[in-house]
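Chain residues, written in single-letter form:
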Amino acid sequence: MANVIGRSIVIDGEISGDEDLVIQGTVKGKISLKESLYVENSGVVEADIDTQNVEISGSVTGNILASEKVELKSDGRMVGDIKAPRILIADGAVFKGNVDMDR
Amino acid sequence: MADSNTVVGESILIKGNLEGDEDLTVQGHIEGSIQLHKTLIIEPGGVVKAEVSVANAVVSGIMVGNLLASDSVELTETGRMVGDIRAPRVIINEGALFRGQVDMGDLEMPRPSTGVKPSYRPAPRRMEPTRPRLEPVARPAPKPAPPKAAPPPKAPPKPARPEPTKVVKPPKAVGSKKKVVVKKKR
């Protein structure tokens, strides 16, 4: 029962919470979650992200700090820095930025 | 890959420049620089400390230095790399360890359609340390200030010491009880 930000939704501001969040629309600002963030194909995020897990199939501009894992899927596009113990970049993903897997 | 393939064996250490036109498999050590028009394969156990310019690179061993590839770079699950990667295709597999910059060329990012000016600025290279968020501590609502008695009009200046007439200030509320609330978060 994840929270879904639908396609037509545009948010400008901060999102924080304890549940999984699926983004199909647009979010600008800041996202802090204790769980996982899923940016789907149609999702556009321009925000600094602080979560446990992030899975990107859409596009993200901003810095990501994840306590567990960041996964950039083959459709994912990202510009920004990633800091997480586990970082995966699939073939086809587009990325520009810094990667830090320091544990 | 029908053409020849060079293998730098486990006990081999190469220091210097290496240039070539065929695939290169590294099981030993190479320090310096590598320029290839084909594929560089660093096997588990292989160590490359070099500036590398190749068509493709597959890192299953250790790679320290900057890696420029005209086609692709792949870090496999046993790959360890510190340095910057520039290639149109970069693949990082689960288990790989990497620290550095990744540049896959110019990419167009969709602009959010908020109609608000985009405010993203490229962040400083260093990420801020994670800090627990500060939750605002619930504070009792500020009490309305006690009704202050109108300050008594100042006595007329003493004749002995004629002061220049000052703006009469209300006396400071000395000892007004300010509650200091110390609350432990938790």
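Residues numbered from 1 in each chain as written. Chains lettered and ligands numbered in written order. Predicted model: local features only at pLDDT ≥ 70, side-chain atom pairs only at ≥ 80, totals over all residues.

1. As for the overall build of chain A
Along chain A, the regular secondary structure elements total 0 helices and 12 strands. Helices and strands in chain A line up, N terminus first, as β-β-β-β-β-β-β-β-β-β-β-β. (Helix = DSSP H or I, 4+ residues; strand = E, 2+ residues; numbered from the N terminus.)

2. Describing the overall build of chain B
On a plain count of helices and strands, chain B comes out with 0 helices and 12 strands. Reading the helices (α) and strands (β) of chain B from amino to carboxyl end gives β-β-β-β-β-β-β-β-β-β-β-β. Buried positions account for 22% of the 186 residues belonging to chain B. Within chain B, contacts between residues at least 6 apart in sequence are counted, and of these 4% link residues at least 24 apart. (Buried ≥ 20, exposed ≤ 12 C-beta atoms within 10 Å, placed from the backbone. Contact = placed C-beta atoms within 7 Å.)

3. Let's talk about the environment of Ile41 of chain B
Residue and element names in this part refer to chain B. With respect to the secondary-structure elements, Ile41 resides in strand 5 (residues 39-42). Spatially, the C-alpha atom of Ile41 lies 9.7 Å from that of Glu74, the residues being 33 residues apart in sequence. Apart from residues no more than four positions distant in its own chain, Ile41 is found in contact with Asp23, Thr25, Val26 and Val58.

4. Some points on the interface of chain B and chain A
Contact residues are listed per partner, giving 28 residues for chain B and 32 residues for chain A. Taken together, the elements giving at least two residues each to the side of chain B that touches chain A come down to strand 11 (89-92) and strand 12 (97-103) of chain B. It is strand 12 of chain B that provides the largest number of residues to the side of chain B that touches chain A, a total of 7 residues. Partitioning the side of chain B that touches chain A into residue classes produces 16 nonpolar, 6 polar and 6 charged. (Nonpolar A, V, L, I, M, F, W, Y, C, P; charged D, E, K, R; others polar.)

5. Side note on the pairing of strand 8 (residues 64-72) of chain A
On any regular strand, side chains alternate: one points to one face of the sheet, the next to the other face. All names here are of chain A. Where strand 6 (residues 44-56) meets strand 8, 7 bridges bridge the pair, whose relative direction is parallel. When the sheet's bridge partners are listed, Glu55 is paired in strand 8 with Glu71. Pairing geometry for strand 8 and strand 11 (residues 86-89), over 4 bridges, is parallel. Opposite Glu71, over in strand 11, you have Leu88 as the bridge partner. (Pairing = 2+ DSSP bridges.)

6. A short note on the nonpolar core
Counting 65 residues, the largest nonpolar core has Phe95 of chain A together with Ile34, Leu40 and Val90 of chain B as its most contacted members. Dropping the residues within four chain positions of it, Leu40 of chain B is found in contact with Leu24, Ile34, Val52, Val54 and Ala57 of chain B. (Core = buried A, V, L, I, M, F, W, Y, C linked by C-beta atoms within 7 Å.)

7. So, the environment of Gly13 of chain A
When you line up the elements, Gly13 of chain A lands in strand 2 (residues 10-17). Sequence-wise, Gly13 of chain A and Ile31 of chain A are 18 residues apart; in three dimensions their C-alpha atoms are separated by 8.6 Å.

8. Some points on the confidence of the model for chain B
In low-pLDDT regions, the fine details of the predicted coordinates are not to be read closely. Residue and element names in this part refer to chain B. Confidence along chain B averages 76 in pLDDT terms, with 58% of residues attaining 70 or more. At the low end of the mean pLDDT range in chain B sits strand 1 (residues 5-8), at 88; at the high end sits strand 7 (residues 62-64), at 97. Contacts for the low-pLDDT stretch residues 114-129, under 50 throughout, to residues beyond four places or in other chains number 20 contacts. For this predicted complex, the interface confidence comes out at an ipTM of 0.81, alongside a pTM of 0.67. (pLDDT = per-residue confidence, 0-100.)

9. What about the environment of Ala47 of chain A?
Residues and elements named next belong to chain A. Relative to the helices and strands, Ala47 resides in strand 6. Its 28 C-beta neighbours within 10 Å are what place Ala47 among the buried residues. Sequence separation between Ala47 and Ile15 is 32 residues, and the spatial gap between their C-alpha atoms is 10.0 Å.

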